[in-house]
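# Close look at the chain arrangement
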Amino acid sequence: MAEAAAAALAAGLEDAAALALTGAEAGADTAAGDAGAGAVEEGAACPPHAARESTQIIATAIQRPRPVIAAPIILAGYDARVSTSTAEAEAREKLAQCGRALNRLGLYGLAGHISLRIPDSDLILITPGGGLDKSRLKPEDLTVIDASGKRVSGPYPPPLETPIHTVVHEAKPEYGSIAHLHAHWATVFSVTKEPLEPALIPARCLGPGPLRTFDVPQLVTTPELGQQLNAALGDASAVLMRWHGITVVGRTLEEMFTRAVTLEDNARLLWEAKVLGAPMPLPREAIENRPTGSADETLVRTFLYYTNLERPADQQIHSGARYMGS
Ligand SMILES: [Zn+2]
């Protein structure tokens, strides 16, 4: 579809190009949910001696193999400000890996999108909608947008609910990555009045519960709705969007990923626990007094595990961390 659009633009056929792109934009966000869960952990005993050094080693290792992008990904007719710097190429690779991993876990499929700031720039990488198979998401599929949500480059239009990303990125620059997901088990809680409380020790990474809620029964398609969502999120790690899904933030892509997967796993466990009786939320002091010394290393390790799942046996990467039996 994008090739058809590019070809049409190259030939000066603007209307044909727009028509070719329409299909990709039309399915940007549909109200569908997916089942799935994962198990992750955050912030516990790690050998303190290696924390800073190994985090750097892990960060380097996780970027292998370095992606090679032969040419800038610029669609004719769009501003060509973006060059595929090493930083951008690495960000593209990580975001595509993250999308495939979230898809494998059932948190991301037809609906949803994730974004990552391009280091040292005001630009944002975002995954496209349009019904693409997220299990095959590639670095070159990603769209670059500016702070207003305007497409700067990339073969596909940004998703319909891009204001979730642009508004939160602008309001909370400390967050490098944002995900909007129609994750099934968390979304179950969005259609009930049951509080979504942290119940597993790993769910400490979500902060004190219950999860805050955004109570507007609309898709977030405008900056005004994005502002309302951002207000509901506040300084929390995630917000439950009533009748819809979740939005999760993180200082890094690894933090966003770990929070999203943990939130979904926690929601499924709570739902299942209700079969036996009233769930026991994690004591608040366990959350407020959680260890933080090894948190970053743990986040990298968690993301690495899920990206290792698509690597052959002889290309597995070990983080060097020892943590919770792993
Ligand atoms: Zn949505």
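Refer to the preceding data block for the structure.
Described below are features of the structure shown in this document. (Residues numbered from 1 in each chain as written. Predicted model: local features only at pLDDT ≥ 70, side-chain atom pairs only at ≥ 80, totals over all residues.)

Moving on to the overall build of the protein chain. Within the protein chain one finds 10 helices and 8 strands. Each of the 326 residues in the protein chain was classed as buried or not, and the buried ones make up 47%. Of the contacts formed within the protein chain by residues at least 6 apart in sequence, a portion of 71% connects residues at least 24 apart. (Helix = DSSP H or I, 4+ residues; strand = E, 2+ residues; numbered from the N terminus. Buried ≥ 20, exposed ≤ 12 C-beta atoms within 10 Å, placed from the backbone. Contact = placed C-beta atoms within 7 Å.)

Time to look at unusual backbone geometry. Of note, the amide linkage connecting glycine 209 to proline 210 takes the cis form, showing an omega dihedral of -5°. Along the chain, the position of proline 210 falls in the loop between helix H6 (184–190) and strand S6 (212–214). Of note, aspartate 120 is a non-glycine position whose phi angle comes to about 60°, a positive value. Position of aspartate 120 among the secondary structure elements: in the loop between strand S1 (113–117) and strand S2 (124–126).

Position of leucine 142 among the secondary structure elements: in the loop between S2 and strand S3 (143–145). When the C-alpha atoms of leucine 142 and proline 157 are compared, they prove to be 9.4 Å apart, with 15 residues separating the residues in sequence. If near-sequence neighbours (up to four positions away) are discounted, leucine 142 is found in contact with Arg92, Leu95, Ala96, Leu125, Ile126, Thr127 and Gly154.

Before going further, it helps to examine helix H4 (residues 86–104). Between the first and last C-alpha of H4 there are 27 Å, a value that for 19 residues agrees with the 27 Å anticipated at 1.5 Å per step. Once H4 finishes, glycine 106 follows within two positions and takes phi at roughly 85°, a positive value. (Expected span 1.5 Å × (residues − 1).)

Let us look at the nonpolar core. Counting residues in each nonpolar core, the largest one holds 62 residues, and the members touching the most others are Leu95, Leu125, Ala186, Val239, Ile246 and Ala260. Filtering out sequence-adjacent residues up to four positions away, valine 239 remains in contact with Leu211, Arg212, Thr213, Phe214, Leu229, Ala232, Leu233, Ile246 and Thr247. (Core = buried A, V, L, I, M, F, W, Y, C linked by C-beta atoms within 7 Å.)

Here we take up the sheet that holds S2. Sheet architecture is open: 8 strands sit in the order S4-S3-S2-S1-S5-S8-S7-S6, paired in mixed fashion. The outermost strands of the open sheet, each flanked by one partner alone, are strand S4 (151–153) and S6. Within the sheet, the average angular offset between the axes of one strand and its neighbour, ignoring direction, is 25°. Strand direction decides the pairing type here: strand S5 (residues 177–181) and strand S8 (residues 245–250), joined by 5 bridges, are antiparallel. Bridged to leucine 181 within S8 is isoleucine 246. Where H4 meets the sheet, it contacts S1 and S2, and its direction lies at approximately 155° from that of S1. Each of S1, S5, strand S7 (238–241) and S8 is contacted by helix H8 (residues 253–273), which is oriented at about 145° to S8, the strand it contacts most. (Pairing = 2+ DSSP bridges. Axes fitted to C-alpha atoms, helices over the stretch in contact; angles between N-to-C directions.)

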